[in-house]
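# Fold and contact review
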Amino acid sequence: MKIAVMGTRGIPARYGGFENFAEELSVRLTRRGHEVTVYCRSRHCRERDHRYRGVRRVLMPEPAKPFPETMTYTVLCLLHAIFCRYDAVLICRGTNAGLAWLPRLAAQKVAVSVDGIHPESDSGSPLRHLARRLADHFAFHFPNKLITDSEVIAEYFRQHYGVQSAVIPYGSRRVSPRPGAGLGTWNLQPRQYLLYVGTLQPQNHAHTVIAAYRKSHVDIPLLLVGDAQQDANYMTYIREQVAMAGPVAGSNVILAGIAYGSALEELMCHSAAFIQSTETGGTHPALLQAMGAGGLVIANDTPDHLRALGDAGLYYRFNNITDLSEKIRDAVHHPDNFQSFRSKAQERIEASYSWDLVADRYETLFRAMAS
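The sections below set out a description of the structure shown in this document. (Residues numbered from 1 in each chain as written. Predicted model: local features only at pLDDT ≥ 70, side-chain atom pairs only at ≥ 80, totals over all residues. Heavy atoms only, no water.)

Within the secondary structure, histidine 34 is located in the loop between α1 (17-31) and β2 (35-41). Using a relative accessible area of 7% as the deciding quantity, one classes histidine 34 as buried. Spatially, the C-alpha atom of histidine 34 lies 6.3 Å from that of lysine 2, the residues being 32 residues apart in sequence. Discounting chain neighbours no more than four positions away, the residues touching histidine 34 are Met1, Ile3, Leu29, Glu363 and Arg367. A polar atom in the side chain of histidine 34 sits 2.7 Å from the side chain of glutamate 363. (Helix = DSSP H or I, 4+ residues; strand = E, 2+ residues; numbered from the N terminus. Buried < 20%, exposed > 50% of the residue type's maximum accessible area, 1.4 Å probe, protein only. Contact = heavy atoms within 4.5 Å. Polar contact = N/O pair within 3.5 Å; in protein donor to acceptor, adjacent residues only side chain to side chain.)

Turning our eyes to something else, we now look at the sheet that holds strand β1 (residues 2-6). Pairing in this open sheet of eight strands is mixed, and the strands run β3-β4-β2-β1-β5-β6-β7-β8 from one edge to the other. At either margin of the open sheet sits one strand with a lone partner, and together these are β3 (51-52) and β8 (166-167). By the bridge criterion, three bridges tie strand β6 (residues 110-113) to strand β7 (residues 145-148) in an arrangement that is parallel. Note on β7: the bridge partner recorded for valine 112 is leucine 146. Strand contacts of helix α5 (residues 151-161): β7 and β8, with the helix running at about 135 degrees to β7, the strand carrying the most contacts. (Pairing = 2+ DSSP bridges. Axes fitted to C-alpha atoms, helices over the stretch in contact; angles between N-to-C directions.)

What follows is the structure, encoded as structure tokens:
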């Protein structure tokens, strides 16, 4: 089949979950004999090659302001795709769903993978709120197939819009990296730091993690990996909380910025605990990656986290700072009590969330669409 993947920054993956997904999926489908094209933002791709690990790359220019960057970029990709006779087009991110009608004009089959549910309290401008609400409506109206990454998100679309979706979670892989450059960058020692990974935005609750860390009074650092994207006000708030954390906790919070690939897997593997504090969305890529790296996960008690992590980690009461602080103390002071969770998490990834299983399900979906 000829398959196109768009709506991400492109490959090789250097940004977030969708970029990693695009690389892992496209490489596997290419190895199976399919012709896969991934559309890439030229500004985010240092490489100029038109092939990466066998996958065809199309470098697309990005519009200058005041045009909406993501949507205009996706329009350019879709206009290009119209002339390429793809058997299946996969559009990533629900905010792009309203554009799925473009390739359908050329009789192409289109699937949209939505990235969770955005709450009304989500940060951002009124225009961003409107775009997200409209995307939820368009996500099932224009594409041939809607893809959700968890049963919780699928149920949301069933209840609110009466539409069935294909549930295909993100994937991960089992790794056991040795301590090296990833830890050395921040002068960290194995099992002597806590780790948070995710976009710094209110619904991901980095502020809750910092507050619980301060309350726990553990004497190891907390490493925050991620950026604030377009929410400058929340980033300012986080910096204020970070400034307060050192003298109160007797240690420090480190704003590490973005980390990916083997360096991130190393940080996940050797942390005293990986804290998954998100309250919305589906199957979070960072959670699966931490599980695959054998991290000890402390997760916010949500249905999505419970479904992914199962009995292979610790849970704290929903958004409860006190309970999270207690779980942090337990993980730091009594690590031997939870050693078995690390191997159980890796076994769970191999059994239910491997990238090969994800590729199997997407290949089956694309064949059904093409026929």
